[in-house]
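Inside the fold
Residues per chain, in single letters:
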Amino acid sequence: MQLLHNLCRIAAPSGNEAPLTTFVLDYVRQHQASWQHQPRVVAHENLQDCLLLVFGEPRTAVFAHLDSIGFTVRYGRQLVRIGGPQAEAGYRLVGKDSQGEIDCTLTVDEETGELSYAFPREIDRGTELTFRCDFRETETTVQSCYLDNRLGVWNALRLCETLEHGIIAFSCWEEHGGGSVAYLAKHIYEIYGVRQALISDITWVTEGVHAGQGCAISLRDSLIPRRSYINRIRAIAAASGVPHQLEVEGSGGSDAKELQHAAAPWDWCFVGAPEDHVHTPNELVDKRDIASMLALYQVLMREL
Amino acid sequence: MQLLHNLCRIAAPSGNEAPLTTFVLDYVRQHQASWQHQPRVVAHENLQDCLLLVFGEPRTAVFAHLDSIGFTVRYGRQLVRIGGPQAEAGYRLVGKDSQGEIDCTLTVDEETGELSYAFPREIDRGTELTFRCDFRETETTVQSCYLDNRLGVWNALRLCETLEHGIIAFSCWEEHGGGSVAYLAKHIYEIYGVRQALISDITWVTEGVHAGQGCAISLRDSLIPRRSYINRIRAIAAASGVPHQLEVEGSGGSDAKELQHAAAPWDWCFVGAPEDHVHTPNELVDKRDIASMLALYQVLMREL
Amino acid sequence: MQLLHNLCRIAAPSGNEAPLTTFVLDYVRQHQASWQHQPRVVAHENLQDCLLLVFGEPRTAVFAHLDSIGFTVRYGRQLVRIGGPQAEAGYRLVGKDSQGEIDCTLTVDEETGELSYAFPREIDRGTELTFRCDFRETETTVQSCYLDNRLGVWNALRLCETLEHGIIAFSCWEEHGGGSVAYLAKHIYEIYGVRQALISDITWVTEGVHAGQGCAISLRDSLIPRRSYINRIRAIAAASGVPHQLEVEGSGGSDAKELQHAAAPWDWCFVGAPEDHVHTPNELVDKRDIASMLALYQVLMREL
C-alpha cells in the first residue's frame, strides 16, 4: 500500500494534474522492467497531461482518472469547489501560493453554506487547496482522501505488471465535467481500433453494494451502457469466480460520460471497488474489494 | 398499421435496442424488393446497434431513434427510470429475467414518489421493464405506448418505399441522454458529405399545436436550429400544400442535440406528428397527422 | 467607437447570425488593405455562418462569438428566451415578421414570470425579437445592449490591424448552448495544428473584478482550464505591464465549454473586459478596460 499512499498525497486537482502525471511516468520508468510485457508509453503535448500505456495488440482500454476534487480560492476568503467535495467545517486543506506553503482549515457559513478558510493571512486569488492526506491502514481497510481515484490509478498500475494486450489511459478533469476523454477516445479508436472500455474508478457503498463483498460491476448509473457489452462482462465475471457485486444506480457518472457521447462507438462498463465517506478526507475501502478489483481487471483484460 | 403495432410491442429501451434493430433489418430485407430504389444497408459493430440505409446520392439524412423509455430494477423492489417515463400507479410493465417472463404493476409511493412494482417475487437486479403494449386503433387515431418513437421509425420505413436520394439513420439512446448520433453524424458527414438532417420523431400536443392539423415543423425547442435552414423547409412545406403546423418551444430535445454539438456543421429540423399523453402507455396520435408527416418527408427529401 | 456602435445594432440572435457574418465579411474586405498583414478568409457552407481569418503561421486562435441573446415569439403573445436575457417590463424589443417592422415592449407577468409583449397586433409565430439598440458613449464608458459580445468581436477586428500570426474565429450559438465551436475547433486543430485559444468575450463586474482596473484574465468559471496554460498567460500579462485583473468564478461559461469538451487537446483562457448590467439593454463597460483588452490580446498573440 506504499504506492497507494504515495498516490493519495500528491495534490492534483482537476486542471492541474501535471504533478501526478510526472509521478506516474516516473513510476512506470522505474518499474516497467519487472513487468511481464513492455508497453509503449505515449505522452506528449497533444495529450496534455494525460498518459497512455499501450500493451501488445489491444482490444480494450482501461480509463483511470488522475485528478481529484478540491477548492479554488476566490476573492477575500471565499472558496469555490473543484468537482463535488463534501464540505465540513474543520477539514484540513493544504496548498501553496506566492507566499509559501498553506495548511488551513475549512469553514462553512451555517446560514448561507458559503465556504471559507481559517488561516492567519489571505491566500492568493486562484490558489488550489486540496484535502490534507491522512492515510490510515488497518488489516482490512485503507482510509484516506482521494482513494477516488488514486485507487483506480493504483489498480491500473498494478494491472500493468501482468498485462499482455490492452491500453491504460490516465485521464484528466473527470471530477469537474470532463475534458480529456473525448480526445483520448478519438486517439485510441483511430490509432488502435479499440472501442471497448473499462472504467477503473471508485463507486459508493449503498443499500445494494456492501463493503467487503467484492468489486462492483455497474449495470448503469446516470447513463446506460450498451446491454450486450455488460452481459459479456457479467458472464466473464461469473465464470471467473472472483467475488463481485452488481450495481444499479440512477445517478452518478464517470469518464464513461465522455465515451458515451464520443463520436466513436464505444462500449463501456464501470468496474470498481465501493467506498464509504465519498468525497471526504476519510474515504474508506475494504481491502477485499481492492483485491477483487485487480483480479477482475486481470481476467476481463484477458477475455474481453 | 400492422407494422406500427409490431414496432410498438418490441421491448427496446435505451441501451438494449438490439431486438428492434434486428426487427428493422429483417423488415428491410423482406420488403426492399418492392421499394422504388434499393438502399445500401450499413450495419456493423462500429455502428453498435444503429443502422443506416443509404439511397442514391444523398443530400439529407433522416434520424429516427429506435429506443424507448422504461425502468430498470434497482435493489429490492426499487425501480429507476430509463429516460423520462410518466409514472402512474397501476401501469402494467413487462420484462424478463433469469426466472422467466414478468408482467407486473407499477406502484408509486405517495409521499416520496419512489417507484416500485407489485409482483409475486423479486425481480433480478438490473432487469429492464417496459410498458405492456395495448395497441388501440380507431378510424381517426392510433393509441399505444411507444408511438414515440416507433411512429418515427414507421415513417422512416414507409418513406423508404419511394425514396430516391437520402439516408435513413436509426439511432440509439435518444431517450436517455444520447450516445449514438455523435458517431452517426461523423460517419455520415465524412463518408457521404451530408450535413442536412430531418428528425423523424414525435412531439407534443400543446396550446399551439393541435391534433389533426398536420405534422409539426419545429422552429425551435430547447435548442435553436440555424434559421436559414428552417426557412428553406418552411418554404418547401408551404409550397407543397401538405397540412402542417409551426411549433415553438423553449424546452424539449431530440437527436438534434447531438447534431447541434457535433464536430460537423449540421443543419437540422425536427419534423414530426404531435401526440397526446406523452411518455405514458396511452400515447395518442391523429391519423391525419401521420399521413401529413409521411407526405411532408416525401416532399422534403425530394426538394431539400 | 463607430464600429462598435454598428456592431451593436445588428440583430443576430443565436441561430440567425448571418446578418452579422455578412457585416464582418464586408468590414474585412473594406479594411484589410490597411492591416499590417493579410489574412486568408475562410467562409463557406461547411462552416455555416462562422468565419475564420488566418494570419501567417498561427499558434493561437481567438474565439469571438457573433450571436446575441433575445426572444422568440411562441403562441399568442408568449415569448421564450434565446439564451439568458434579463427580462424587465418596459424593455423595448425590435424585430420583423411577414407584416413588417416591429418595435414593441416587453411585459412580465408579476405572478408567473411569463414573458409577453405589448404591440397593437399579434406577431408571427417564431419571430425573433432583440433589444432595441440605444448606444451611449461618454468620455469614460460605452453603454448598449449586446456589448456582450459585439465588444469581443470589435476587439478581434481591431486586433487584426496588427496581427502577424494567429487565427480569428467568429463563432455562433454561444449564448444558447453552443453549436459551432466543436467543428471550428476540429477544423483549426486538424488543418492548422493550433490548440491554444483565447476567448474574446465579456465578463461580469463583481466584488472581485472592478470596472476600470483592466481586462479580466479568468482563472476559472464553471469549467477549469489547464493550469500550466493559465500560468503562461499570467506571466506574459504580468511582464507586459498592461493593467489586468484576475477572475475566479464557480459559474458562467463561454465558447471554451466546447473547446474543453472537444475531441482535441485545447488549452484555453477567457480574457475579456468586465461589464455591468449584464444581459440587459444597458450593458456598461469602462473604456480603460477596452483599451486594456486590446493591448493584452496584442501582446498575448505575439508571445504565446
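Residues numbered from 1 in each chain as written. Chains lettered and ligands numbered in written order. Predicted model: local features only at pLDDT ≥ 70, side-chain atom pairs only at ≥ 80, totals over all residues. Heavy atoms only, no water.

As recorded in an unreviewed UniProt entry, chain A goes by the name Aminopeptidase, listed as coming from Hymenobacter glaciei.

Quick look at the domain arrangement of chain A
Residue and element names in this part refer to chain A. Partitioning chain A into structural domains gives domain 1 (2-68 + 136-303) and domain 2 (70-131). Contacts between the two partners involve 13 residues from domain 1, matched on the other side by 11 residues from domain 2. Roughly 1,000 Å² of surface becomes buried between domain 1 and domain 2 when both sides are summed, with 60% attributable to carbon and sulfur atoms. Counting across the domain 1 and domain 2 interface gives zero salt bridges. Joining domain 1 to domain 2, the criterion identifies five residue pairs in polar contact (both at pLDDT 80 or more). Of the residues that constitute the side of domain 1 that touches domain 2, the class distribution is six nonpolar, six polar and one charged. (Domains from an automatic or database assignment. Contact = heavy atoms within 4.5 Å. Buried area = accessible area lost by both parts, 1.4 Å probe. Salt bridge = Lys/Arg side-chain N within 4 Å of Asp/Glu carboxyl O. Polar contact = N/O pair within 3.5 Å; in protein donor to acceptor, adjacent residues only side chain to side chain. Nonpolar A, V, L, I, M, F, W, Y, C, P; charged D, E, K, R; others polar.)

Some remarks on the interface of chain C and chain A
Bring the parts together and some accessible area is lost; that lost area is often taken as the interface size. At the interface, 30 residues of chain C touch 26 residues of chain A. Summed over both sides, the interface between chain C and chain A buries roughly 2,300 Å², with carbon and sulfur atoms accounting for 45% of that surface. When residues of chain C are sorted by the area they lose upon contact with chain A, Arg226, Arg227 and Val248 of chain C head the list and together hold 27% of the total. Along the contact surface separating chain C from chain A lie seven salt bridges. Its salt-bridge partner being Glu190 of chain C, residue Lys186 of chain A comes within 3.5 Å of it at the nearest N-O pair. Across the chain C-chain A interface, the total number found is 23 residue pairs in polar contact (both at pLDDT 80 or more). Counting residues per element, the ones that place at least two in the side of chain C that touches chain A are helix 4 (181-192), strand 15 (215-220), helix 5 (227-240) and strand 16 (244-248) of chain C. Here the side of chain C that touches chain A is composed, by residue class, of 13 nonpolar, six polar and 11 charged. (Helix = DSSP H or I, 4+ residues; strand = E, 2+ residues; numbered from the N terminus.)

Quick look at the relation of the copies chain A and chain B
Overlay of chain A on chain B (RMSD 0.0 Å): rotation 120°, translation along the axis 0.0 Å. The relationship between the two copies is best expressed as a three-fold rotation axis. Minimal C-alpha distance to the rotation axis in chain A is attained by Ala263 of chain A, lying at 4.9 Å. Looking at chain A, a mere 3% of its interface residues are interface residues in chain B too, so the copies touch through different faces. (Least-squares fit on C-alpha atoms with pLDDT ≥ 70 in both.)

Thoughts on the pairing of strand 13 (residues 196-199) of chain C
All names here are of chain C. Here strand 13 shows a buried face lined by Gln196 and Leu198 and a second buried face lined by Ala197 and Ile199. Bridge count between strand 3 (residues 60-65) and strand 13: four bridges; the pairing is parallel. Within strand 13, the position partnered with Thr60 by the bridge is Gln196. The pairing of strand 13 with strand 17 (residues 267-272) spans four bridges and is parallel. Note on strand 17: the bridge partner recorded for Ala197 is Trp268. (Buried < 20%, exposed > 50% of the residue type's maximum accessible area, 1.4 Å probe, protein only. Pairing = 2+ DSSP bridges.)

Quick notes on the relation of the copies chain C and chain A
Placing chain C over chain A gives an RMSD of 0.0 Å and needs a rotation angle of 120°, together with 0.0 Å of translation along the axis. Interface overlap between copies is the fraction of interface residues in one copy that are interface residues in the other; for chain C against chain A it is only 3%, indicating separate surfaces.

Things to note about the packing of helix 2 (residues 18-31) of chain C against helix 3 (residues 147-159) of chain C
All names here are of chain C. Between helix 2 and helix 3, the least distance of the axes is 12 Å, while the angle of their chain directions is 20°. Accordingly, the angle class assigned to the pair helix 2 and helix 3 is roughly parallel. The two elements helix 2 and helix 3 meet at a crossing, and its hand is right-handed. Taken together, the residues of helix 3 that come into contact with helix 2 (itself represented by Leu20, Val24, Tyr27 and Val28) are Arg150, Val153 and Leu157. Per-class residue counts for the contact of helix 2 with helix 3 are six nonpolar, no polar and one charged. (Axes fitted to C-alpha atoms, helices over the stretch in contact; angles between N-to-C directions. Parallel < 35°, antiparallel > 145°, perpendicular 65-115°, else oblique. Left-handed = near helix turned anticlockwise from the far one by under 90°.)

Considering the interface of chain A and chain B
At the junction of the two partners, chain A supplies 30 residues and chain B supplies 26 residues. Considering only the side of chain A, the residues that lose the most area to chain B are Arg226, Arg227 and Val248 of chain A, jointly responsible for 28% of the buried surface there. Seen at the junction of chain A and chain B, the total is seven salt bridges. Where chain A packs against chain B, one counts 23 residue pairs in polar contact (both at pLDDT 80 or more). For the side of chain A that touches chain B, the secondary structure elements donating two or more residues are helix 4 (181-192), strand 15 (215-220), helix 5 (227-240) and strand 16 (244-248) of chain A.

Overview of the confidence of the model for chain A
Per-residue pLDDT for chain A has a mean of 98; in total, 100% of the residues score no lower than 70. The ipTM, which scores confidence in the relative placement of chains, is 0.96 for this predicted complex, and the corresponding pTM is 0.97. (pLDDT = per-residue confidence, 0-100.)

Here's the deal with a negative patch on the surface
All names here are of chain A. There is a patch of like negative charges on the surface, built from Asp109, Glu110, Glu111 and Glu114. Residue position: Asp109 is located in the loop between strand 7 (100-108) and strand 8 (115-118). Its relative accessible area of 37% is what places Asp109 among the partly exposed residues. (Patch = residues over 30% accessible without salt bridge, like charges linked within 9 Å, V, L, I, M, F, W, Y side chains within 5 Å. Areas by Shrake-Rupley, 256 points an atom, 1.4 Å probe, with all protein chains shown as cover. Lys, Arg positive; Asp, Glu negative; His and termini not counted. Charge placed at Lys NZ, Arg CZ, Asp CG, Glu CD.)

A word on the pattern of salt bridges
Applying the stated rule across the entire model yields 48 salt bridges over all chains. Residue Arg121 of chain B is joined to Asp97 of chain B by a salt bridge in which the shortest nitrogen-to-oxygen separation is 2.9 Å. Taken together, the residues Arg121 of chain B in the loop between strand 8 (115-118) and strand 9 (128-131) and Asp97 of chain B in strand 6 (residues 92-97) connect sequence positions 24 residues apart. Each member of the pair Arg121 of chain B and Asp97 of chain B is classed as buried. Residue Arg226 of chain B pairs with Asp267 of chain B through a salt bridge whose shortest N-O separation is 3.1 Å. Linking Arg226 of chain B in the loop between strand 15 (215-220) and helix 5 (227-240) with Asp267 of chain B in strand 17 (residues 267-272), this pair joins segments that are 41 residues apart in sequence. A single burial state applies to Arg226 of chain B and to Asp267 of chain B, both of which are buried. When salt bridges with common partners are traced through the structure, they connect Lys186 and Glu190 of chain A, Lys186 and Glu190 of chain B together with Lys186 and Glu190 of chain C into a single cluster.

What to know about the sheet that holds strand 17 (residues 267-272) of chain A
Residues and elements named next belong to chain A. Pairing is mixed across the open sheet formed by eight strands, whose spatial order is 1-2-12-3-13-17-15-16. The two strands at the open ends of the sheet, each matched to only one other strand, are strand 1 (40-42) and strand 16. When the angles between neighbouring strand axes are averaged without regard to direction, this sheet yields 25°. With three bridges joining them, strand 1 and strand 2 (residues 51-55) adopt antiparallel strand pairing. Across the sheet, Val41 pairs through a bridge with Leu53, a residue of strand 2. Taken strand by strand, helix 3 (residues 147-159) contacts strand 3 (60-65) and strand 12 (166-171), and its axis lies near 145° from that of strand 3. Strands strand 3, strand 13 (196-199), strand 15, strand 16 and strand 17 of the sheet are contacted by helix 5, whose axis makes an angle of about 40° with strand 17.

Let's talk about the environment of Tyr146 of chain B
All names here are of chain B. Along the chain, Tyr146 turns up in the loop between strand 11 (141-144) and helix 3 (147-159). By relative accessible area, Tyr146 is classed as buried at 2%. Residues in contact with Tyr146, not counting those within four places in the same chain, are Cys8, Ser68, Ile69, Gly70, Thr130, Phe131, Leu151 and Glu283. Polar side-chain contacts of Tyr146 include one of 2.9 Å to the backbone nitrogen of Phe131.

Points about the sheet that holds strand 19 (residues 283-286) of chain A
Residues and elements named next belong to chain A. A sheet is described by the order of its strands in space; here three strands give the open sequence 10-11-19, paired in antiparallel fashion. Each having just a single partner strand, strand 10 (136-137) and strand 19 make up the two edges of the open sheet. Examined bridge by bridge, strand 10 and strand 11 (residues 141-144) share two bridges and lie antiparallel to one another. Each residue of the ladder has a partner; that of Arg136, found in strand 11, is Gln143. Of the strands in this sheet, strand 11 and strand 19 touch helix 3, which is tilted by about 40° from strand 19. Of the strands in this sheet, strand 10, strand 11 and strand 19 are in contact with helix 7 (residues 287-303), which crosses strand 19 at around 70°.

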